[in-house]
Amino acid sequence: VLHGGGNTSVKTTENDIHGEQLDVLYVKGSGWDLATIEPEGFAPLRLDAVKRLAELPSLPDTEMVNQLRLNLLDASAPNPSVEAILHASLPFSAVQHTHADAALALTNTIDGDQRVRELWGESVVVVPYVMPGFELAKACAQEFEKQASSDTVAMILMNHGVFTFGETTEEAYNQMIEVISQAEDYLRATAGVDITASAAAGKHHPTNGSALEQAALRKELAHVAGCSMLLVNTPNERAHQFISRPDLVDVASRGPATPDHIIRTKQFPMVGRDISTFVSNYHNYFERNKDRFPDIQELDPAPRVVLDPDLGLLTAATRVTDCEIASDIYLHTIDVIEASEGLGGFVALPESDLFEVEYWELEQAKLKKSSASLPMAGEVAVVTGSASGIGLACVNALLEQGAAVIGIDLKTPQAADNPGFLELGVDVTDRESLRTAINNGVRHFGGIDILVAAAGIFGTTSEIADLVPDEWETTLSVNLNGVSNVLQVTHP
Ligand SMILES: [Zn+2]
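No experiment lies behind these values; they were computed from the predicted model shown. (Residues numbered from 1 in each chain as written. Predicted model: local features only at pLDDT ≥ 70, side-chain atom pairs only at ≥ 80, totals over all residues. Heavy atoms only, no water.)

(A) Broad picture of the overall build of the protein. The helix and strand tally for the protein stands at 18 helices and 15 strands. Principal axes of the C-alpha set define a box for the protein whose edges measure 95 × 60 × 45 Å. Out of the 492 residues belonging to the protein, those deemed buried represent 50%. Considering only contacts within the protein whose residues lie at least 6 apart along the sequence, 70% involve residues at least 24 apart. Looking at the protein as shown, the accessible area adds up to about 22500 Å², and 52% of this sits on carbon and sulfur atoms. Once the 32 positive and 69 negative side-chain charges of the protein are each reduced to a mean point, those two points are 4 Å apart. (Helix = DSSP H or I, 4+ residues; strand = E, 2+ residues; numbered from the N terminus. Buried < 20%, exposed > 50% of the residue type's maximum accessible area, 1.4 Å probe, protein only. Contact = heavy atoms within 4.5 Å. Areas by Shrake-Rupley, 256 points an atom, 1.4 Å probe, with all protein chains shown as cover. Lys, Arg positive; Asp, Glu negative; His and termini not counted. Charge placed at Lys NZ, Arg CZ, Asp CG, Glu CD.)

Written out as structure tokens, the structure is:
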């Protein structure tokens, strides 16, 4: 699972405040990530009440969220996953759900349902694509009743993912690993693709695009987004190979690997730099689909993923972390597209289904939770003398306000634990090295908005008669020429 996707649950019994025994469903809370979830990330629900919700003929999203919250056993728990009702209705103590690449590659094909049967026969329950939430919970419950037997090992959701189950979490987990490994073996044998060798682990591959061109693209992108945006470069060999495909425009314009990626990547990447065409296509997509959903506002039409022959794979967001998430998701999308192409062709869902997820309030709520905006989010600052004193204080203040920072200092950079901070070891008196460093910084974050020239030294204080000429030269060189150098090389 990637970045908030997938969910898990366990069913257990607990005593309520009156000492009465209750069946309880612990399900992943919305906004938590399975990679980093803590016990408080699971929402405890009254199992019987949640199961009964599945009997309703329909349940609008806001009412579903309300009903789930009403049935929490801990008022401070996070909102339960939108799949809570689905978890409740599966008759197993432990249920796990992933959007594994191998399952997506297998089901995002022309004859995906046949391939699923070819691989797993009748040992899986197959559910055609249905939008996540209440309708999916009902569809899964129905298909499970129709297709499940004592041999059932998993439930395959077309274009979406896999559910496994067991009496213990370990059993459900092992079942998940087994089912996914079978799909991976199938892809090796049938498509000749090892999907476990993910593009996300691809080698570093610098592209030689121009920093100035990337900055110009970022400026245009921020303009259509209506706010400052970073445009982060992913110098990845597999991305480079993908971008070099002769059929790139075709394969990249079919859609995401699974619909919940769309809030991070938009429906598809922009190939090349023609933002105005991308934006007008987005407006048309909105116009074609909006009427089915009353009261929706068009989201900003700016691309989130750019595939450019010279600039490489670029991702746009207001925070570096979100750029990295979009990049990671797209690298996995490359895995899925390449594998599905090996099975006769990658097929994404129709745009009406994608639109429904992109404009689903519960999906957009996930994004809001993760990117509460800071005042300088999306801006990039260069700070010289970043390792100490005034420079370091500026770095910390800028990072706290949400800016991305390119730090320049004579000292060898330490590994930064903040992805928004790129530290480069350069002497500001060495203009050409400084130029290279600034170019690298711009290629990394997409541009420069703020410059803090804080590099400076205090020479030895002495009588004019005792002045050491070399020290005087060095002081002037750092404090005066250093500033003019950094101004000169950052000026486009
Ligand atoms: Zn899912």
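More follows now that the structure is in view.
(B) Highlighting the packing of helix 12 (residues 275–289) against helix 14 (residues 351–358). Look at helix 12 against helix 14: their axes get within 10 Å of each other, and the N-to-C directions meet at 95 degrees. Between helix 12 and helix 14, the angle is such that the two are roughly perpendicular. Judged by residue contacts, Tyr 282, Tyr 285, Phe 286, Arg 288 and Asn 289 of helix 12 engage Glu 351, Ser 352, Leu 354, Phe 355 and Glu 358 from helix 14. Within the contact of helix 12 with helix 14, the residues separate by chemical class into five nonpolar, two polar and three charged. (Axes fitted to C-alpha atoms, helices over the stretch in contact; angles between N-to-C directions. Parallel < 35°, antiparallel > 145°, perpendicular 65-115°, else oblique. Nonpolar A, V, L, I, M, F, W, Y, C, P; charged D, E, K, R; others polar.)

(C) Quick peek at empty space enclosed by the protein. For the coordinates displayed, the defined rule picks out four cavities of 30 Å³ or more. Lining the second largest cavity, in full, are Ala 252, Gly 255, Pro 256, Thr 265, Lys 266, Gln 267, Phe 268, Pro 269, Val 305, Tyr 330 and Thr 333. Grouping the constituent residues of the lining of the second largest cavity by class yields six nonpolar, four polar and one charged. (1 Å grid on protein atoms, 1.4 Å probe; cavity = no way out; pocket = protein on both sides within 12 Å on 5 of 7 lines; lining within 4 Å. Points joined across faces, edges and corners; volume = space filled by probe spheres on them.)

(D) Structural context of a nonpolar patch on the surface. Together, Ile 464, Leu 467, Trp 472, Leu 476 and Leu 480 make up an exposed nonpolar region whose accessible area comes to about 520 Å². The residue Leu 467 is located in the loop between strand 15 (450–453) and helix 18 (469–490) in this model. Among the residues examined, Leu 467 registers a relative accessible area of 35% and is labelled partly exposed. (Patch = residues over 30% accessible without salt bridge, like charges linked within 9 Å, V, L, I, M, F, W, Y side chains within 5 Å. Salt bridge = Lys/Arg side-chain N within 4 Å of Asp/Glu carboxyl O.)

(E) Expanded view of the environment of Ser 210. With respect to the element layout, Ser 210 can be found in the loop between helix 7 (169–190) and helix 8 (211–225). Among the residues examined, Ser 210 registers a relative accessible area of 28% and is labelled partly exposed. The spacing of Ser 210 and Arg 443 is 233 residues in sequence and 7.8 Å in space, taken between C-alpha atoms. Here Ser 210 is in contact with Leu 311 and Arg 443, once residues within four sequence places are set aside. A polar contact of 3.2 Å, which involves the side chain of Ser 210, links it to the backbone nitrogen of Leu 212. There is a polar contact of 2.9 Å between the side chain of Ser 210 and the backbone nitrogen of Glu 213. (Polar contact = N/O pair within 3.5 Å; in protein donor to acceptor, adjacent residues only side chain to side chain.)

(F) Region of interest: the sheet that holds strand 1 (residues 7–15). Spatial ordering of the open sheet is given by 3-2-1-4-7-6-5, a layout of seven strands whose pairing is mixed. Here the strands that pair on one side only, and so sit at the sheet edges, are strand 3 (42–46) and strand 5 (124–127). On average, each strand axis in the sheet is inclined to that of its neighbour by 20 degrees, with strand direction left out of account. Across four bridges, the pairing between strand 5 and strand 6 (residues 154–157) is parallel. Residue pairing for strand 6: Val 124 is matched across the bridge by Ala 154. Where helix 6 (residues 134–147) meets the sheet, its contacts fall on strand 5, strand 6 and strand 7 (161–166), and the angle it forms with strand 5 comes to roughly 140 degrees. (Pairing = 2+ DSSP bridges.)

(G) Local environment of the packing of aromatic side chains. In total, this model carries ten aromatic pairs according to the counting rule given. Aromatic pair Phe 286 and Tyr 359: ring centres 5.4 Å apart, planes at 50 degrees, arrangement tilted. On the criterion of sequence distance, the pair formed by Phe 286 in helix 12 and Tyr 359 in the loop between helix 14 and helix 15 (361–370) is long-range, its members being 73 residues apart. The pair Phe 286 / Tyr 359 is uniform in exposure class, with both members buried. Clustering of aromatic rings is evident, with ring pairs tying together Tyr 282, Tyr 285, Phe 286, Phe 293, Phe 355 and Tyr 359. (Phe/Tyr/Trp six-rings, centres within 6.5 Å; stacked < 30°, edge-to-face > 60°.)

(H) Region of interest: the sheet that holds strand 14 (residues 421–425). On the basis of which strands lie adjacent, the open sheet formed by four strands has the order 14-13-12-15 and parallel pairing. Whereas interior strands pair on both sides, the edge strands pair on one side only; in this sheet they are strand 14 and strand 15. Strand-to-strand twist across the sheet, computed as the mean angle between neighbouring axes with direction ignored, equals 15 degrees. When strand 12 (residues 380–384) meets strand 13 (residues 404–409), the two strands line up parallel, connected through five bridges. Paired with Thr 384 across the strands is Ile 408, a residue of strand 13. With respect to the sheet, helix 16 (residues 389–400) is in contact with strand 12, strand 13, strand 14 and strand 15, its orientation differing from that of strand 12 by roughly 165 degrees.

(I) Representation of helix 18 in the model. Between the first and last C-alpha of helix 18 there are 30 Å, a value that for 22 residues agrees with the 32 Å anticipated at 1.5 Å per step. Of all the bends in helix 18, the largest measures some 35 degrees and sits at Asn 481. Within helix 18, the full set of buried residues consists of Thr 475, Val 478, Gly 482, Asn 485, Val 486, Val 489 and Thr 490. On its buried face, helix 18 sits against strand 12, helix 17 (431–445) and strand 15. (Expected span 1.5 Å × (residues − 1). Bend = angle between axes of the 7 residues up to and from the residue.)

(J) Summary view of the pattern of salt bridges. All told, the structure shown has 22 salt bridges when counted by the stated rule. In this structure, Asp 335 and Arg 238 form a salt bridge, with 3.3 Å as the shortest nitrogen-oxygen distance. Taken together, the residues Asp 335 in helix 13 (residues 320–342) and Arg 238 in helix 9 (residues 237–243) connect sequence positions 97 residues apart. Asp 322 serves as the salt-bridge partner of Arg 264, at 2.9 Å between the closest nitrogen and oxygen.

(K) Quick look at the state of the cysteines. Scanning the entire structure with this criterion turns up zero disulfides. Cysteine Cys 227 shares no disulfide, and the gap to the nearest cysteine sulfur, in Cys 323, comes to 11 Å. (Disulfide = S-S within 2.5 Å.)

(L) Spatial organisation of the pairing of strand 1. Pairing of strand 1 with strand 4 (residues 94–98) involves four bridges; the strand directions are antiparallel. When the bridges of strand 4 are listed, Asn 7 appears paired with His 97. Summarising the sheet, strand 1 and strand 2 (residues 21–28) pair through seven bridges and their orientation is antiparallel. When the bridges of strand 2 are listed, Thr 12 appears paired with Val 24. Hairpin connection from strand 1 to strand 2: five residues lie between these consecutive antiparallel strands, with Gly 19 at a positive phi of about 80 degrees.

Interpretation in functional terms is not warranted from these geometric data alone.
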